[in-house]
Amino acid sequence: MARPGTSTLVHAQVAARGRALVRPGWVRRRVGRLLFYLIIAGIVVYSVFPFYWAVTSSFKPSVDLFSERLKWIPSPATLVHYVTVFFGANFGKNLLNSLIVAGGVTGVALTLGCLAAYALGRLRFPPRNAVLYLVLAMTMFPQISVLSGLFVLLQALRLFNTHVGLILSYLLFTLPFTVWVMTSYFRGLPRELEESAYVDGASPLVTLLRVVLPLTGPGLVTTGLLSFIAAWNEFLFALTFTVGERVRTVPVAIAFFGGATAYEVPWGPIMAASVVVTTPLVVLVLLFQQRIVAGLTAGAVKG
Amino acid sequence: MLVRHQTRLAWLLVLPTLAAVVLVAGYPLFQVIRFSLYSADIARVRPPKWVGLGHYAELLRDPDFREALWNTVRFTAGSVFIETVLGLVVALVIHSQFAGRGVVRAAILVPWAIPTVVSAQMWKWMLHDIYGFVNVVGVQFGLLSRKVAWLARPETAMGALIAVDVWKTTPFMALLLLAGLQLIPDELYEAARVDGAPAWQQFLRITLPLLTPTLTVALVFRTLDALRVFDIVLVMTGGGNRTETLAVLNRRILIDFQDLGYGSAISVVILILILLFVGLYLHTVGRTLRED
């Protein structure tokens, strides 16, 4: 065997000749590029695979679902779990409840939030920062910390186990966000807007509705979408402030999907229900990608 | 328009929001603090009895509370640390120019878009002890010597929960950090390249220091979220196998045991814990706001 010294020397010579043949750094750049794309592929697979697996699982007959031979694609495919979800369970009702609650709270939060944000962003309002920080403090509130207080309040108002009760409690986490993002949108508009509107004799409220709001359409869509998603996904309040099926929303239904017996977990229907509630969200998020990213990061990066 | 007039209108517009804040946050919070000083059940069957700080003294001796506190700390530290590192890697990758960048950015949004309860169920199925993807593939490819009941063993349950949380929230972290990266002017890197600084030095000397404000905000944001973790734990383990966190314990005492007083005391402790971090948050964000 050659001494280590010789082998290094040979290596160096080979490497030198190699460098003469190909442009310097070419191989390294190639390998680096390959590695880079491998990392990217890894990220994409890691992000998307669990959802893909839920989708395939939802189309597999139970025989294939509960088998140790994995099938990457459902064959044969079946809709039996979807049928179970919609006809064997109350899932349609759960979906409707979720729509009412998430839609309702988004509407209320946008209405209240825009009025407040207009005052905070465009009008002379001395306690502006105090109000903004008060509202921000509310965002930071852990839901669990007001659970017992809200529970007793909703019972006293006779709003326990009602849609209105859930909508009211969801303002806790949708309203602050709406106020903050809309305030920053309003502040970004040019001053001349209202001035010309005032000159034309429009009152501030008319200015808000006719001039300012139409210009903040994108902002409204983003905040509306984010608060809708937050409400659609909420679990703790929905679990605690509802009893039985009447107002039960989708997350609670999915968390407690029961099988025929207490020991049998119906994974097929659970995956089918998961796909049904997730698909519209994924589509919405992909459609509004840019705006959502802007909305999510606006508060954090710019302050 | 008259200034006085404008201020009055502003008050009028802000009033509904302030009323909502008082109704759903202020008043309930006041009540929670008051309840914590009484011995009472949530259905109000017995008349409430004043116990002062008794519940708080009891908390100090309660092994369940101590364990929940420890579990919450474990969960928070583990998930936030891994999310930050992974998020930074993903952000750096997306920040560079390459074909199909939009597709990757869209793909990482998928976990974020999926409701927490749903992702918990999806992962619970993937981690199923017999038919779960992780076990079957793990054994097939020799990564696991035998199947593991991930969620049924105290040694692995918390790790599994952290893994799911990491999957769910790394996108948020990555997007925040990406926004921060985009604020760093390209000229700095160009200058470094001209001076012949290698990539790792550019990362340590330019990227990391200039990203620190964003990193801090993202860290605090995520910490706040992790400290109140509830959905993942309740769905995946129900709080069993050494995974019960403060929020899960809190709801169990409050709703399942109907103990309004003691449950409220736990709520107050969670709030104090979180307020410490809010203070930190306001400190950092307040500073960037003033600099604006």
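Calculation criteria
All residue numbers here refer to positions counted from 1 along the written sequence of the relevant chain. In the order they appear in the text, chains get letters beginning with A and ligands get numbers beginning with 1. In view of the model being predicted, local features appear only for residues whose pLDDT reaches at least 70, and side-chain atom pairs are presented and counted only at 80 or more, with totals across whole chains, interfaces and linings using the full set of residues. Only DSSP runs of H or I with at least four residues qualify as helices, and only runs of E with at least two residues qualify as strands; both kinds are numbered from the N terminus onward. When we talk radius of gyration, it's over C-alpha atoms, and the globule rule is simply 2.2 Å times the number of residues to the 0.38. Counting other C-beta atoms within 10 Å of a residue's own tells you its class, since 20 or more makes it buried, 12 or fewer makes it exposed, and anything in between is partly exposed; those C-beta atoms are placed from the backbone. Contact between two residues is assigned when their C-beta atoms, built from the backbone, lie within 7 Å. When buried Ala, Val, Leu, Ile, Met, Phe, Trp, Tyr and Cys residues are joined through C-beta atoms within 7 Å, the set is termed a nonpolar core. Where a domain begins and ends is set by an automatic assignment or by a domain database. All amino acids are sorted into three groups, where Ala, Val, Leu, Ile, Met, Phe, Trp, Tyr, Cys and Pro are nonpolar, Asp, Glu, Lys and Arg are charged, and the leftover types, Gly among them, are polar. Lines fitted to the C-alpha atoms define the axes, with helices restricted to the stretch that makes contact. Angles between their N-to-C directions range from 0 to 180 degrees. Should the near helix be turned counterclockwise from the far one by less than a right angle, the crossing is left-handed, whereas a clockwise turn marks it as right-handed. For every residue, the predictor assigns a confidence score, pLDDT, that lies between 0 and 100.

1. Describing the overall build of chain B
- If you tally the helices and strands in chain B, you get twelve helices and two strands.
- Going from the N terminus to the C terminus, chain B shows its helices and strands as α-β-β-α-α-α-α-α-α-α-α-α-α-α.
- Relative to the 2.2 N^0.38 estimate, which gives 19 Å for 292 residues, the radius of gyration of chain B is 24 Å and therefore markedly larger than a compact globule would have.
- With the C-alpha coordinates aligned to their principal axes, the bounding extent of chain B is approximately 75 × 75 × 30 Å.
- Among the 292 residues that make up chain B, the fraction classed as buried is 44%.
- Once local pairs closer than 6 in sequence are excluded, the contacts in chain B between residues at least 24 apart make up 69%.

2. Details of the nonpolar core
- Counting 162 residues, the largest nonpolar core has Tyr118(A), Ala119(A), Tyr170(A), Leu171(A) and Leu161(B) as its most contacted members.
- Counting residues domain by domain, this core receives three or more from each of domain 1 (25–78) and domain 2 (83–302) of chain A.
- Apart from the residues within four sequence positions on either side, Leu161(B) is in contact with Phe75(B), Ile232(B), Val233(B), Met236(B), Thr237(B) and Thr243(B).

3. Section: the domain arrangement of chain A
All names here are of chain A.
- Under the domain assignment, chain A is made up of domain 1 (25–78) and domain 2 (83–302).
- Of note, the centres of domain 1 and domain 2, computed from C-alpha atoms alone, are 33 Å apart.
- Contact residues are listed per partner, giving seven residues for domain 1 and seven residues for domain 2.
- Those elements giving two or more residues to the side of domain 1 that touches domain 2 turn out to be helix H2 (26–59) and helix H3 (62–65).
- Here the side of domain 1 that touches domain 2 takes five residues from H2, the largest share from any one element.
- Looking at the side of domain 1 that touches domain 2 residue by residue, the class counts come to four nonpolar, three polar and no charged.

4. Examining helix H5 (residues 116–126) of chain B
- Across the eleven residues of H5(B), eleven count as buried, placing the element largely inside the fold.
- Among the residues making up H5(B), those that are buried are Thr116(B), Val117(B), Val118(B), Ser119(B), Ala120(B), Gln121(B), Met122(B), Trp123(B), Lys124(B), Trp125(B) and Met126(B).

5. Focus: the packing of helix H5 (residues 91–122) of chain A against helix H8 (residues 163–187) of chain A
Residues and elements named next belong to chain A.
- Where H5 contacts H8, the two axes come as close as 6 Å, and the packing angle between them is 35°. Relative to H8, H5 is oriented so that their crossing is right-handed.
- A breakdown of the residues in the contact of H5 with H8 according to their chemical character gives 20 nonpolar, eight polar and two charged.

6. Describing the interface of chain B and chain A
- Each partner contributes residues to the interface: chain B has 80 residues there, and chain A has 78 residues.
- Top element by residues in the side of chain B that touches chain A is helix H1 (residues 3–35) of chain B. It accounts for 19 residues.
- Residue classes in the side of chain B that touches chain A are distributed as 62 nonpolar, 13 polar and five charged.

7. Looking at the confidence of the model for chain A
Residue and element names in this part refer to chain A.
- For chain A, per-residue confidence averages 84 on the pLDDT scale, and residues scoring 70 or more make up 86% of the total.
- No element of chain A has a lower mean pLDDT than helix H1 (residues 4–21), which averages 46, and none a higher one than helix H12 (residues 236–240), which averages 96.
- In the model, residues 1–22 has pLDDT below 50 throughout and makes three contacts with residues more than four positions away in sequence or in other chains.

8. Things to note about the confidence of the model for chain B
- Averaged over every residue, the pLDDT of chain B is 90; the share at 70 or more is 96%.
- Overall fold confidence (pTM) sits at 0.87, and the ipTM for the predicted complex is 0.90.

9. Let's talk about the environment of Ser227(A)
All names here are of chain A.
- Mapped onto the elements, Ser227 comes out in helix H11 (residues 217–233).
- Measuring from C-alpha to C-alpha, the distance between Ser227 and Ala102 comes to 7.9 Å, with 125 residues separating the pair along the chain.
- Filtering out sequence-adjacent residues up to four positions away, Ser227 remains in contact with Val105, Thr106, Ala109, Thr174, Phe177 and Thr178.

10. Quick notes on unusual backbone geometry
- Note that the residue after Ser75(A), namely Pro76(A), is joined by a cis bond; omega there is 0°.
- One can find Pro76(A) in the loop between H3 and helix H4 (80–88).
- Of note in this structure, Asn161(A) is not a glycine but carries a positive phi near 60°.
- Mapped onto the fold, Asn161(A) is located in the loop between helix H7 (147–156) and H8.
- With 16 C-beta atoms counted inside 10 Å, the residue Asn161(A) sits in the partly exposed group.
- Backbone geometry places Arg242(B), a non-glycine residue, at a positive phi of 60°.
- Inspection of the secondary structure puts Arg242(B) in the loop between helix H10 (231–236) and helix H11 (246–256).
- Given 15 C-beta atoms within a 10 Å radius, Arg242(B) is considered partly exposed.

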